[in-house]
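Coordinate analysis (summary)
The residues making up each chain are set out below.
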Amino acid sequence: MNNYIMAFVVGGIICVIGQILMDTTKLTPARILVVFVTAGVILGALNVYDVVIEYGKAGGSIPLPGFGYSLAKSVMKEVDEFGLIGAFTGGIKGTAGGITAAIFFGYIMALIFNPKTKE
Amino acid sequence: MGRRVGLQTVEIESKPRIIGTYNIVGPKEGQGPLREYFDKILDDDLNGTESFEKAESSLLYTAISESIKKAKLKEVDINYLLAGDLLNQLSSSCFAARDLNIPFIGLYGACSTMAESLSVGSMIMEGGLAHYVVAATSSHFSSAERQFRLPLEMGSQRAPTAQWTVTGAGAMVLGKKGDFPYVTHVTTGKVKDYGIVDVNNMGVAMAPAAVDTIKQHFMDTGRKPSDYDVIATGDLGIIGREFTEKLLLEYKYDMKGHYIDCGEKIFDPKRQGTNAGGSGCGCSAVVATGYLFKNMLQGKFKRILLVSTGALLSSTSSLQGETIPGIAHAVSIEFGGE
């Protein structure tokens, strides 16, 4: 039960940061996305984001910084195994599941639903 | 023949009459405070088509063909169709004109198109070059959203200063005879750019253009705000309207009691969540052909000044960080009061 609460709180805090950026800055959603992923990469490389995932579980790994974290960790692992070439191959290998799922489910949703005018 | 007065104004002597108008709006506009002034309110903003672009084109087609019917004319009687919209290559207008048997001139003035097409139409009539002219324009929330902001599929949030593009189309038929409201003056605006880059704050970006055109209209004609029952800017919204009023006061033109903004009038922001108000070519078109025109017919307004305002940005220019140039055209319409 504790895991669920922590995932809710940690994931929620990340989203609140995003909402504050949307409301108080002129940053476009695309820029906020890039900022979040890049922040995840940096914090992942510095082993800071490990703490977020340790406490927040999926609340830390599902939001955008979690994707950046996976990129960083996969690159580090690949570099250890195959040398410098891992910097090019590791990121995509480690996040392949997430990327393919995004394309697959995006495609399915596009088939099922049509865009509607906002309320 | 008409004559030039002052720097930017033309006096239209032949007084081309607005002999038929028609407007059609989406469901949200139909729930707004001006609902009783619309000729047709759609239940479905796709209007039975498969895309929002096709829907917009069908709205424009309906407005044009119904306005011609209201004027008891046929398509072949119309010498010029002057129309424009917000989409790339004026696709809504071109695709509507494809199905109409009328010589077509496409105009791009962004949301200023209603006053722009009415200005050019009046000048063609004044030159004696046409018996009948149709001036029309359209916009659609969802097609504009896709072109200028973000795809609807993304479900992105709207900024508090953002305006809501009106889904609607309006058309006016100009003719020579009859007891109808008529155009007396046309003031063509200059492009003004005060360096606003925020696409979510277009009302303020367009306000300097509106101020410039209104001020110039008064200087050219010697009129003042109180000579008009209503001065209506196109789509400055609440923020842009307040800004315009303040700037005009600095030039000693007190607009109080004579000034409305079509974008502010068309929605109820509290109830409808439209933030700063309505925008889009359709905004001043449906308010002009609805609220303003119908009140003129009833004798409530005797003299009005329609000042449609346009933000002349493109989706490329705003992504490249360019500022937003604005434009405003003014048309003075009278009926029943001399």
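Focus: the overall build of chain A
- Counting its secondary structure elements, chain A contains six helices and zero strands.
- Along chain A, from the amino end to the carboxyl end, the secondary structure elements read α-α-α-α-α-α.
- Considering only C-alpha atoms, chain A reaches an extent of 55 × 35 × 35 Å along its principal axes.
- A total of 119 residues make up chain A; the buried ones form 22% of that total.

A word on the overall build of chain B
- Looking only at helices and strands, chain B features 11 helices and 15 strands.
- For 338 residues, the compact-globule formula gives about 20 Å, and the C-alpha radius of gyration of chain B, at 18 Å, lands near that figure.
- Structurally, chain B occupies a C-alpha span of about 55 × 50 × 35 Å along its principal axes.
- Within chain B, buried positions represent 57% of all 338 residues.
- When contacts within chain B are restricted to residue pairs at least 6 apart in sequence, those whose partners lie at least 24 apart make up 79%.

Observations regarding the packing of helix α1 (residues 2–24) of chain A against helix α3 (residues 49–56) of chain A
Residues and elements named next belong to chain A.
- One can describe the packing of α1 onto α3 by two numbers: an axis separation of 8 Å at closest approach and a directional angle of 140°. Judged by the inter-axis angle, α1 sits oblique to α3. Between α1 and α3, the contacting residues are M6, A7, V10 and G11 on the first element and V52, Y55 and G56 on the second.
- The residue inventory of the contact of α1 with α3, partitioned by class, reads five nonpolar, two polar and no charged.

Some points on the environment of A:E81
All names here are of chain A.
- Topologically, E81 is positioned in helix α5 (residues 64–82).
- Looking at E81, the number of C-beta atoms within 10 Å reads 9, which means it is exposed.
- Sequence spacing of E81 and I13 is 68 residues, and the spatial spacing of their C-alpha atoms is 35 Å.

Some words on the packing of helix α2 (residues 29–45) of chain A against α5(A)
Residue and element names in this part refer to chain A.
- Here α2 crosses α5 at 45°, and the two axes come no closer than 6 Å. As the angle between them shows, α2 and α5 are arranged oblique. Of the two possible hands of crossing, α2 and α5 adopt the one that is right-handed. Listed contacts from α5 to L33, F36, V37, T38, A39, G40, V41, L43, G44 and A45 of α2 are L64, P65, G66, F67, G68, Y69, L71, A72 and K73.
- When the residues that make up the contact of α2 with α5 are grouped by side-chain class, the tally is 13 nonpolar, five polar and one charged.

Focus: helix α3 (residues 91–98) of chain B
All names here are of chain B.
- Where α3 is concerned, the buried positions are S92, S93, A96 and A97. For α3, the angular spread of buried residues about the axis comes to 125°, placing them on one side.
- Contacts made by the buried residues of α3 are with α2 (52–70), β5 (80–84), β6 (104–106) and β7 (133–139).

Section: the interface of chain A and chain B
- Residue-level contacts link seven residues of chain A with eight residues of chain B.
- The residue inventory of the side of chain A that touches chain B, partitioned by class, reads three nonpolar, one polar and three charged.

Some words on the domain arrangement of chain B
Residues and elements named next belong to chain B.
- The assigned domain composition of chain B is domain 1 (3–175) and domain 2 (182–334).
- Computed from C-alpha atoms alone, the centre-to-centre distance between domain 1 and domain 2 is 17 Å.
- Taken residue by residue, the interface counts 59 residues in domain 1 and 60 residues in domain 2.
- Elements supplying a minimum of two residues to the side of domain 1 that touches domain 2: β2 (9–11), β3 (17–25), α1 (27–30), α4 (113–126), β7, α5 (141–148), β8 (164–165) and β9 (168–175).
- Its residues placed into classes, the side of domain 1 that touches domain 2 shows 28 nonpolar, 23 polar and eight charged.

A word on the confidence of the model for chain B
- Confidence in the prediction for chain B averages 94 pLDDT; 99% of positions are at 70 or higher.
- Overall fold confidence (pTM) sits at 0.91, and the ipTM for the predicted complex is 0.77.

A closer look at the environment of B:V186
All names here are of chain B.
- Relative to the helices and strands, V186 is located in strand β10 (residues 182–187).
- Measuring from C-alpha to C-alpha, the distance between V186 and V5 comes to 9.9 Å, with 181 residues separating the pair along the chain.
- Once you skip the residues sitting within four places of it in the chain, V186 turns out to touch T9, V10, I12, S119, S122, M123 and V331.

Let's talk about the nonpolar core
- The biggest cluster of nonpolar side chains holds 107 residues, and the ones touching the most others in it are B:I64, B:V134, B:V287, B:L292, B:I304, B:L306 and B:V307.
- Here this core spans two domains, since at least three of its residues come from each of domain 1 (3–175) and domain 2 (182–334) of chain B.
- Among residues more than four places away in sequence, those in contact with B:L306 are B:A115, B:A232, B:S284, B:A288, B:L292, B:A330, B:V331 and B:I333.
- Counting 10 residues, the second largest nonpolar core, distinct from the first, contains A:V10, A:V41, A:Y69 and A:A72.

Details of the environment of B:Y37
Residue and element names in this part refer to chain B.
- By the element assignment, Y37 lies in the loop between α1 and β4 (40–41).
- Overall, the presence of 19 C-beta atoms within 10 Å leaves Y37 in the partly exposed class.
- Separated by 251 residues in sequence, Y37 and A288 place their C-alpha atoms 9.9 Å apart.
- With residues near it in sequence (within four places) discarded, Y37 still touches G290, Y291 and K294.

Regarding unusual backbone geometry
- Positive phi outside glycine occurs at A:K57, with the angle close to 50°.
- Among the structural elements, A:K57 can be located in the loop between α3 and α4 (58–61).
- Residue A:K57 is classed as partly exposed on the basis of its 17 C-beta neighbours within 10 Å.
- Its identity is not glycine, yet B:K72 carries a phi of approximately 55°, on the positive side.
- Within the secondary structure layout, B:K72 lies in the loop between α2 and β5.
- Take B:K72: there are 10 C-beta atoms within 10 Å of it, and that puts it in the exposed class.

Cut-offs applied
As a convention, each chain's residues are numbered from 1 in the sequence order in which they are written. To label them, take the chains in the order written and letter them from A, then take the ligands in the order written and number them from 1. With the structure being a predicted model, the display of local features is reserved for residues of pLDDT at least 70 and the display and counting of side-chain atom pairs for 80 or more, all residues being used for whole-chain, interface and lining totals. The numbering of helices and of strands both runs from the N terminus, where a helix is a DSSP run of H or I of at least 4 residues and a strand a run of E of at least 2. Burial in this document is a count-based property: other C-beta atoms within 10 Å of a residue's C-beta are tallied, and the residue is buried at 20 or more, exposed at 12 or fewer, or partly exposed in between, with C-beta positions derived from the backbone. Note that the radius of gyration is over C-alpha atoms, with the globule rule given as 2.2 Å times the number of residues to the power 0.38. For the purpose of contact definition, each residue receives a C-beta atom placed from its backbone, and two residues are in contact when these atoms lie within 7 Å. Under this scheme, a helix contributes an axis fitted over its contacting stretch, all axes are lines through C-alpha atoms, and angles between N-to-C directions fall in the 0 to 180 degree range. Comment on the angle field: the value is read as roughly parallel under 35 degrees, roughly antiparallel over 145, roughly perpendicular from 65 to 115, and oblique elsewhere. Residues are grouped as follows: Ala, Val, Leu, Ile, Met, Phe, Trp, Tyr, Cys and Pro are nonpolar; Asp, Glu, Lys and Arg are charged; every other residue, Gly included, is polar. Helix crossings are classified by the rotation of the near helix relative to the far one: an anticlockwise turn of less than a right angle makes the crossing left-handed, while a clockwise turn makes it right-handed. The arc in question is the one spanned by the directions pointing from the helix axis to the C-beta atoms. Those domain boundaries reflect an automatic or database domain assignment. As a per-residue measure, pLDDT reflects the predictor's confidence and takes values from 0 up to 100. For the purposes of this analysis, a nonpolar core is taken to be any set of buried Ala, Val, Leu, Ile, Met, Phe, Trp, Tyr and Cys residues that are connected through C-beta atoms within 7 Å.

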